[in-house]
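Here's the letter readout for the chains.
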Amino acid sequence: MNIDPDRASGLRRPVAYAALASSMALVGSYVALSKPLAQTFPIFLLAWLRFGIAALAMHSWVRRRADEPPIAWRTHAALFGESLFGNFLFTVFMVWGVGRSGAIAAAIVMASIPAWVALLSAAFLSERVTQREWIAVALAVMGIALLGLGQHTTAQGVAADTAAIDPLGLAALLAAALCEALYSVIGKRLTGSLGAKRITAIINLWGLVLATPLGAFAAWHFRFDRVGPGQWGLLVFYAFAASVWSVWLWMTGLKTVPASRAGVFTVMMPLSATLVGVLVLGEPFNPLQGAALALACLAVILATQPTSDAGKAKETPTPPQ
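Parameters at a glance
Residues numbered from 1 in each chain as written. Predicted model: local features only at pLDDT ≥ 70, side-chain atom pairs only at ≥ 80, totals over all residues. Heavy atoms only, no water. Helix = DSSP H or I, 4+ residues; strand = E, 2+ residues; numbered from the N terminus. Buried < 20%, exposed > 50% of the residue type's maximum accessible area, 1.4 Å probe, protein only. Contact = heavy atoms within 4.5 Å. Areas by Shrake-Rupley, 256 points an atom, 1.4 Å probe, with all protein chains shown as cover. Salt bridge = Lys/Arg side-chain N within 4 Å of Asp/Glu carboxyl O. Core = buried A, V, L, I, M, F, W, Y, C linked by side-chain atoms within 4.5 Å. Phe/Tyr/Trp six-rings, centres within 6.5 Å; stacked < 30°, edge-to-face > 60°. Lys NZ or Arg CZ within 6 Å of the ring centre and 35° of its normal. Expected span 1.5 Å × (residues − 1). Bend = angle between axes of the 7 residues up to and from the residue. pLDDT = per-residue confidence, 0-100.

Undergrad: Give me the overall build of the protein chain: which residues, what numbers.
TA: Regarding its fold elements, the protein chain presents 13 helices and 0 strands. If you list the helices and strands of the protein chain from N to C, you get α-α-α-α-α-α-α-α-α-α-α-α-α. Within the protein chain, the proportion of its 321 residues that are buried is 50%. Sequence separation of at least 24 residues holds for 90% of the intrachain contacts in the protein chain that already meet a minimum separation of 6. Within the structure as shown, the protein chain displays about 15000 Å² of accessible surface, and the carbon and sulfur contribution to it stands at 66%.

Undergrad: Which residues make up the environment of Met-110, and what are the values?
TA: Within the secondary structure layout, Met-110 lies in helix α4 (residues 103-110). Counting along the chain gives 79 residues from Met-110 to Val-31, while the straight-line C-alpha distance between them is 9.2 Å. With residues up to four places along the chain from it excluded, the contact list for Met-110 reads Phe-90, Leu-173, Ala-176, Ala-177 and Met-269.

Undergrad: Kindly report on the pattern of salt bridges, identifying the contributing residues and their values.
TA: A complete count under the given rule lists 3 salt bridges for this structure. A salt bridge links Arg-100 to Asp-166; the shortest N-O distance between them is 2.9 Å. Of the two residues, Arg-100 sits in helix α3 (residues 73-101) while Asp-166 sits in the loop between α7 (160-163) and α8 (167-187), which places them 66 residues apart along the sequence. Two residues, Asp-225 and Arg-223, come together in a salt bridge whose shortest N-O distance is 2.8 Å.

Undergrad: So what about the nonpolar core? Which residues, and what values?
TA: Of all hydrophobic cores here, the largest spans 72 residues; its most connected members are Tyr-30, Phe-41, Met-94, Val-109, Met-110 and Tyr-238. Examining the composition of this core, we find that 10 residues originate from one element, helix α1 (residues 5-38), more than from any other. Of all hydrophobic cores here, the second largest spans 7 residues; its members include Ile-71, Tyr-183, Leu-194 and Ile-203.

Undergrad: Hey, could you go over the packing of aromatic side chains for me, with residue numbers and the actual values?
TA: Within the structure shown, the criterion is met by 10 aromatic pairs. Connected via pairs of aromatic rings, a cluster forms that spans Phe-41, Phe-222, Phe-224 and Trp-232. The ring centre of Tyr-238 lies 5.8 Å from the NZ or CZ of Arg-50, which sits over that ring.

Undergrad: Please set out helix α2 (residues 43-57) residue by residue, giving values where relevant.
TA: Each α-helix winds once per 3.6 residues, and so residues spaced three or four apart point in a common direction. Taking 1.5 Å of rise per residue, 15 residues should cover 21 Å, and α2 covers 21 Å from first to last C-alpha, within 8% of that figure. Those residues of α2 not exposed but buried are Ile-43, Leu-45, Leu-46, Ala-47, Leu-49, Arg-50, Phe-51, Ala-54 and Ala-55.

Undergrad: Got a sec to walk through the side chain of Ser-34? Specific residues and values, please.
TA: Within the secondary structure, Ser-34 sits in helix α1. Look past the residues within four positions of Ser-34 in its chain and what remains in contact with it is Met-94, Val-95, Val-98 and Tyr-238.

Undergrad: Give a detailed account of helix α9 (residues 196-220), specifying residues and quantitative values.
TA: In this model α9 runs 35 Å from its N-terminal to its C-terminal C-alpha over 25 residues, within 8% of the 36 Å that 1.5 Å per residue would give. Residue Thr-212 marks the point of greatest curvature in α9, where the axis turns by about 55°; the proline Pro-213 follows within four residues. Three or more residues of α9 are buried, namely Arg-198, Ile-199, Thr-200, Ala-201, Ile-202, Ile-203, Asn-204, Gly-207, Ala-211, Gly-215, Ala-218 and Ala-219. Where the residues of α9 are buried, they touch α2, α3, α8 and α10 (229-254).

Undergrad: Quick rundown of the confidence of the model for the protein chain? Include the residues and the values.
TA: Averaged over every residue, the pLDDT of the protein chain is 82; residues scoring 70 or more account for 84%. Between the elements of the protein chain, mean pLDDT differs from a low of 42, seen in α7, to a high of 95, seen in α2. Ignoring residues within four places in sequence, the model shows residues 154-163, a span with pLDDT below 50, making 7 contacts including any to other chains.

Below is the structure:
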């Protein structure tokens, strides 16, 4: 029996939507779960182990396909920049910020990434910022400001040590969001001559190189015998979710769903991080955080809606690393 291609595409689309949503849910979960990992491992050791585990898992992805040309020096520079901002610095700032401010704060700040991407694209790539994107930027800033206001507000029934948002932790989360936005902007300059798997593997290898000096030093003084099986299992999940699964699911979804429409699924990241923070880590959730999260999610939806400008290039959004 012959199957209508349009009907087949329609049947595949729910699976693609599920892949995109699962990718962003994984990103949110590993952002939240980095909090207990940061309490077990030093930050640079955690980054080093993450990149090392992922490098072993993706060793076969590094090889060049027969139809791929050699990598030009500009592409090498772009790949290094991608790893410096999107892998290494993002991981350091994000893990440190989550450890000091919590998973819910990270969820709200990370939701601002699409808005910062729009601003940085205008600054470095001369792309036009639409009115809707300016509104998204304003909503993202309002959400973060509302989150920061929470450090001066103590709700009844909420412990003092969890009601306040640490200013340095919040600053680190903002730095992580900006690093991820730079990662996305730099990614737009890649030639596209490399496959997604090879780009992912090479970026991860650069992250391993950058983390090795401080990571190896931390490992020399670390008591690995004090790490339990649960922490090791969480570390392996973190490495695979951050470097392998989320990227593979995202690219799988993009085979069917246009990139301009796929971006809206990034709203799953703050929602997932919040759920993990509340249900798994036991963080309190007050009305002020709820309002900030609502503003952040609305900013994501506005910033990632398809543009009506037919002449504007449709860029492929990249998941946080």
